[in-house]
Each structure stands twice: as structure tokens, then as C-alpha cells.
Amino acid sequence: MSVQYGKVISLILQERFGPVVEKVGTYLFQYGTVPLLYIKKNTNLPLSKVKEALCILIKYRLVTFTPNRNANVANYTLQHDQVLLTLRYANYINLIKKKFGNECEMIVEELLQRSYWTASELILKVIERFKKDHNKAVTILSLREKFISLVNAQYLIRLPYSEEDKPVPNLILPETDQFVIPQFELKQMTLVQSGKAPVDSLPDRGVYWTVNFDRFHQDMRDKLIVNAFTKKFDENAGEFVRLLLQQMYIRTTPWAEVSNPVPVIEIRDNVRKQATHQHLLAFFDQYVSVLEQDNSQLIRQGGEAGGGSLQIFLKEAFVQFAWETVEQIVLEKFDSKAARIFRLVKSKQYIESDQIQQLAMIPAKEAKRLSYQLLEENFLQVQELKKSSSTGPNKSFTLFHIDINQVIRMTLELCYKTLYNIMTRKNHERLVHKRIIDKKQRVETIIMGMRVQGAGDEQLADIEEMITPPEKEILQKIDLTMKKLNSVELEIDETIFLLQMYLLYQ
Amino acid sequence: MNQASGSGSQGSTNEERLIELAKSKPEGISNENIKQQIPDLPLEELAVIINKCLKNGSLELFKTKDKLLYKYKDSSKKTTVRGADNEEKIVYKIIEEAGNKGIWIRDIRFKSNLNMTQLNKVLKSLETKKLIKAVKSVSASKKKVYMLYDLEADSSVTGGAWYQDQDFESEFVDVLNQQCYRFLKQKSDEANSMGGGPLLARNRSYATASDVHKFISELGISKISLSVDDIESILYTVVLDNNAERIVATNGSFLYRAVSHFVPTPGIVKTTCGICPIVNRCADTGLINPKVCNYFTEWLQ
């Protein structure tokens, strides 16, 4: 919750929903929970516009409402973290595609675009899209299976609903109802599909489904951990950790700080069943001891009974990952020497500058310069100890130390700023080259129109030549720039995710 | 024994006997002691011998409880002060006591009670006689310490192997750091390629500081000879660079092993903003803003 964060939020809203929604969203971000008329008064927008904007935001679950003390009026709150998640949509879709294939990808994509929908309508829409985009026929039955598997895996969740009729409804969702498979009536669906029955006649009307971000985050977290182990040890160790996490879900709540002990035998059985990692199976016991004896101490022996069991320390893992991330940032931003000083201070907790020179083996002058530079950029802190003595000179020690929470919040802030800068730059580039981009779009629409009318290749080529070669070059360059900026946006989001995980576990 | 012809040699043997006696009793000998041990020595001759010894410095005279004691003094040291005046002797003695740590000129002044100009003169004359030398301390570049000429300065003064004329040789340290890491990395790669399971590979990839020391010595990149402790401190910097881990072996020494990190380079530093030195001054308005940012422009090209 900072100015920088607010700027990113308004930029995202601006990009996705236009200026009116952005104005309302920004106001809500700044003033917290407020009723409708306050928004109208302070944004100077007509009431209808404000209402419209709120509707859009509520539809996308970016704004929630609660009854005021006067139960007829609602208070609106912006869910700013949800707004930020919109940047991660591409990641979610990619994740589902890898895990469940194309059909599921499209289901999630449609759902993310619409925010929520009934199961039957969603399936019908996906079938339609498949026909149009890929010219591929998909049956209702197979898609229904896919949908059910997504619900069972908890990637989709039912939208909270209201049971009583009140001016400001209270949306609830009993825990037992979250992942109950909806009723499908295939006959009715085929009728609707062919347009013989109205959409309202579907049996699951009013039962809306939406994407369960939490589940995606669990997957992303697991992937992060597995990748980390793969990087530190090898692929087999990564696979081992993946199976360990998989077994963890059976007896531990997903966001627990420490998993309950998982029997080693279970993991071994799974490795055997998979039969993909022969090396892991052959040296299974060795892998167990290597992982368990590692300095990082992320996997520890849980108990001896039944061949032993292992525990994975998730909170601890993210503490270490966050440290490493910060260390890498120091490394890239300053130098390897600065990173060395940073790690030295980390390992000694409190350290004097003389000791830094000696232990890090850096010349006195440079060590001083680097440590004070780090201090200036708030990566290090100093604590001064004054020895109070009535006689003789006053002796004081200057001890360096690190406040990791502060450093991480600062880094997160830097991430937001970077996001903001990248998005601003993107908009700026678009604005600068607006004329050419518009021209390209015009030409494209003309070509499309002519192709439909059945124009010859020569005519089409004539029109295409309206974009001159230098213009084409510029267009290519813009394209490249946009791609670069977009990919970097996703990479920053990964860093944000890691740091947010750290804060979540605190 | 022919007394008449051998009086000169007798004198020297008596002298030797006396010194022998003094050597055996480092706390000092009294006149009574001498009488007991060397009864055949006449008193006059003893006085001559003692005077001679006191003059050339092989014996020292002490007075405790109205008794005179003679103490033996190493003659290898005493020869150097020959021909020096009293001030020089005192200053020399003070410097000698400081050993290989050296002593600061201010401390000499306090101990000797000489004034500055006089002390400077004395020190200069001792220096020209090559009896003492001045060594610049690494801890404070302007501070000079004095010590005996033939002593090797302590590592706390010179800073050990890493200092050349009180300049820290950071390049030398960097090269050693890289080589140590290369050695550890090689070792772990070899261990991995040998096969035989991860535990075996891990245990094989550990190296002790003396292993690394041997490797570095064979490389011959160092002009001066490094001790194992020096290598140990270099290895610690490798650990601090997060390129190696250090564990304590069963015998209490350290074992080192190359390791890789958990986290790949974070996305934030792949952008220009993540490593931008002036990111704090960047804003929507003003000269530094993302729309005209040069770092961005360069990066996008």
C-alpha cells in the first residue's frame, strides 16, 4: 500500500477498463471503504457512470461490498491485490495448458475474460470457439469431463451467492459447496447449442463458477520450490521434492508453514510407479540423506517410525529464497564485492566495518565505500553503540546489520515502480507511433474487407504497399519493443510472486 | 699447569667459567656464588674479569637488597649496540622489547623520556647503522612503527600475504578467489561424472584447505608462499560469494564444496530499473522519467 503501488493499480485499471473505471478505482484505492455517493461527490462523475464503473469492477471481483450501518447502503472496497493479479493471467493460462491441455486452457481463458459464468454456457462457448478458431469439433461430453476435472482439482471454484433478498446482499459460500460438481443436462445443452431453446432453460442457471487463484498460487509456489531444488541439486532431487509436495497435500493444509511428516516409503512407491526417474529410484536412500543433510535444512527428518518420514519447511524455504533474491539484486546492482559484504553481514548479524574489510578481503577504502553505499540504498542498517564513560574518550562502535523485512518490502516497492515504468513506457511508445499503428490497422481492415469481397492478389498487394518500407521497419521495431516489455513484465511478476510468498508466510 | 706463561689464557678460561656459571643461573649470581663455584679465582682477577664483561655487555649488574647480582646477557644482541651512546642504548632497548610488533614513536618518547628532536636524531642514527628499521603499518597508513632490523614484521603490521607495501592487493585476492572456486568446481564436476549416486558424489566433492593450498602452490600464480591459513581465508570469501559451502569435519577442520544457488537471477534485475542507480529520483515529472529514460532506450535497441 504505497503511492507507487497505487500508480500501478490505476495504470492497470486504465489499460483494461478505460479512464472512468480508473478514476473510480483510484479513488477507492486512496480512500478505502466508501459508499457510492462519496465516490460520486469526489470523482465528479455522473452517478450513472460511477454505477457503471462499480458494476464492471464488481463483476471482475475487483471491488467487494459490505452493508453500511444503514443496511440499505453498501460500502465499496477495492481489492487491490486482485487488480495486480490481472497481470498474472497469462501465467495462469500457461500453467493450465501445460498441465491439462488445450481444452482446459480455453475454459480458463474464457473464464478469466468473463470473470464468472455458468458451467453449461461456458462449455458451449468453448465448443463454439474451437469450431471457429481451430475448425475442430469438440463434444459436450468431453468438455464436461475436462470441466469436472478442473473443479475436482480445485482450479475452479463456485462464486459466492446470496440466499436472502436484501438491498445489499451478503454473498456467502459454504465450504461444502465450493467444489460440488454442477448438474449438466446434455439434452438441454444441445438444444441451446442449436438455438432451439433459450439460454435460461439450462438447469444450472445461477450457479456461477470462477477461477480459484489460490489454487494456482499453490501450483506456482510448488513449481518455484521444485525449480529451486532442481537448480541447487539436480533434476532427480527436484522430482523428489515434487513428489514430497504432492504427498504433503494429503495430510497438510496447503499453506501450512511446515508440512506434516510424509513417510519416505510413500515417495519411493510413487517413484517406482512413475518409472520415469530410474536414477532417483536406484539411489533413493542417498538422495534422501543428501537432501536431509544439506546446509539449507529445508527438508528434515520427521520421525524414525516406518522407515522414516520427512518434513518440508515451506516458510523456511521462502525465507531463504527471498534472501537469495535480495543477494542477487545486490550483486547485479552494485557488484560481487558488495554482495560479499551483504552476505557477510547476514552471516554475522552485527559486524563492525573493520571486520568487514578483514573477512571479506576487500581493501579498506573500497569496503567502506561499498558498505556505506549499501547503507545509503537501505540494504544495510547501522546500529551505533556508545560506551558511556565519565572519564577518557568516548568509545563508540558502528555495527552494520540487515533488516530483511524492510529490504524485501523495499524490493517489492522497486518491482512496482519498475512495472509502472515499463507500462508507462509502453503507453508512451504507442502514443509516439500512434499514426503508423493506426495506419497499419486501417490497411489491415481494408485488406480483410477486400478478401471477403473476393479481391485478387494483385489488388491486395497494391493495398499492402501503402505501408512504405521505412514504415514497416518502424512497425517491426515497435513490435519487438512491445514483446520485450511484455516479457519483462511477466518476469517481474515472478519476482513479485516470490517476495509476496515470503510476506505471506511471515 | 704453567702459571707464568698461561696467565693470559688462564684469564680467558676464568672468564669463560664465570660466564658459564652466569648462564646456568639466569636469575643472576652474587659474589658469594662465584666464590663457592670458582674458589681458585683471586679477587683482583675476578674484578678485572667482571669489569671487562660489564663493559662488553656480556654481564649486567643488578642490585637487590644491598647485594650485587651479575646476570648473563646474550652476546649476539649486545654486539649491535657497541659504540652507541646511552640514549641510543635506551631507545634500542625499548624497540627491542617491542619485538616484531614494532613500537610507535610516541610510545618510545613516553618510555624513554627523551624529547622529540633528540629522539628523532637517535632513531635516525640507529637507522643508518642498520640496527632498527621503520615499518609502515597497514592499519593506519601514516603510522610508522620501529623494530629491530633483522626482525620480520608481524602480520598484524604488514597485513600478511595480502599486502604489498601496505597496499591491499585486491587483484591478487580476486585471482585466488577465482582459482579456488575453479578448483572446487572442478572437483565437484569430477565427482558427479564418476557416478555412483549423489551421496558419494557429494562426499567426493569436499576439499580441505590443504588440498586447495597444494593446488594453488602448484599453479605457481603466487610469488610469495601462502600458508594454509591464507587459503582458508580466501576460501571463506568463496563461501561468502555463495559459490561454496563450508562444513566442519570430524577432526575440527573445515571442508569446502562448490554449490549452486536455489534461485535463478530474479526477473527484476533483468530490467534496467532493477539495477538503475537513479531509480529513486525517477518520477512522472522532471528530467528523469520513464518516457525519455536513456537506459530504457539503450536497452530496447
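Per-chain numbering applies: the sequence of each chain, read as written, is numbered from 1 onward. Numbering of ligands from 1 and lettering of chains from A proceed in the order in which they are written. Selection of residues for local features in this predicted model requires a pLDDT of at least 70, selection of side-chain atom pairs for listing and counting requires 80 or more, and totals for whole chains, interfaces and linings are taken over all residues. The side-chain values count all of the structure's non-hydrogen atoms but skip hydrogen atoms and water molecules.

**Notes on the sheet that holds strand β3 (residues 74-78) of chain A**
Residue and element names in this part refer to chain A. Between any two strands, at least two bridges found by DSSP are needed for them to pair. To qualify as a helix, a DSSP run of H or I must reach at least 4 residues; to qualify as a strand, a run of E must reach at least 2; elements of each kind are numbered from the N terminus. Strand order in the open sheet made by the 3 strands is β1-β3-β2, with antiparallel pairing throughout. For this open sheet the edge positions go to β1 (34-35) and β2 (63-67), each flanked by a neighbour on one side alone. Across 5 bridges, β2 lies against β3 in antiparallel orientation. Bridge pairing links V63 to L78 in β3. Contacts are assigned to residue pairs that have any heavy atoms within 4.5 Å of one another. Throughout, an axis means a line fitted to C-alpha atoms (over the contacting stretch in the case of helices), and angles, computed between N-to-C directions, take values from 0 to 180 degrees. The sheet contacts of helix α4 (residues 47-59) involve β2 and β3, and relative to β2 the element is tilted by about 105 degrees.

**Side note on the pairing of strand β6 (residues 144-148) of chain B**
Residue and element names in this part refer to chain B. Partly exposed residues are those whose accessible area sits between 20% and 50% of the maximum for their type, while under 20% is buried and over 50% is exposed, using a 1.4 Å probe and protein chains only. For β6, the tally of buried residues reaches 4 of 5 residues, placing the bulk of the element in the interior. Direction of pairing for strand β4 (residues 103-104) relative to β6: antiparallel, over a ladder of 2 bridges. Looking at the pairing, I103 lines up with Y146 of β6. Where strand β5 (residues 132-136) lies against β6, 5 bridges are found, and the strand directions are antiparallel. Across the sheet, K136 pairs through a bridge with K144, a residue of β6.

**Remarks on helix α2 (residues 19-31) of chain A**
Since the α-helix advances by 3.6 residues per turn, residues separated by three or four positions end up pointing in the same direction. Residues and elements named next belong to chain A. Take the number of residues in a helix, subtract one, and multiply by 1.5 Å to get its expected span. Taking 1.5 Å per residue as the helical rise, α2 with its 13 residues ought to reach 18 Å, and the 18 Å between its terminal C-alpha atoms agrees with that figure. Considered for burial, the residues of α2 that qualify are V21, E22, V24, G25, T26, Y27, L28 and F29. Immediately beyond the C-terminal end of α2, within one or two residues, lies G32, with a positive phi of roughly 75 degrees.

**Some points on the packing of aromatic side chains**
Two rings belonging to Phe, Tyr or Trp (six-membered ring only in the last case) form a pair when the distance between their centres is within 6.5 Å. Interplanar angles under 30 degrees mark stacking, angles over 60 mark edge-to-face geometry, and anything in between is tilted. Enumeration over the complete set of coordinates arrives at 26 aromatic pairs over all chains. Measuring from ring centre to ring centre gives 5.1 Å for Y116(A) and Y208(A), while their planes differ by 75 degrees; the resulting arrangement is edge-to-face. A residue pair is termed long-range when its members are at least 10 positions apart, and Y116(A) in strand β4 (residues 116-118) and Y208(A) in strand β6 (residues 208-211) qualify at 92 residues. Residue classification places Y208(A) among the partly exposed residues on the basis of a relative accessible area of 31%. When the ring of F318(A) is compared with that of F321(A), the centres are 5.5 Å apart and the planes differ by 70 degrees; the resulting orientation is edge-to-face. One end of the pair, F318(A), and the other, F321(A), are both in helix α16 (residues 314-333), 3 residues apart, so they sit about a helical turn from each other. For the pair shown, F318(A) and F321(A) are each scored as buried. Every member of this aromatic cluster is reached through a ring pair, and the members are F229(A), F233(A), W255(A), F318(A), F321(A), Y505(A) and F262(B). Here, over-ring charges are defined by two tests on the NZ atom of lysine or the CZ atom of arginine: distance to the ring centre within 6 Å, and angle to the ring normal within 35 degrees. We note R109(B) situated over the ring of F110(B); from NZ or CZ to the ring centre the distance is 5.9 Å.

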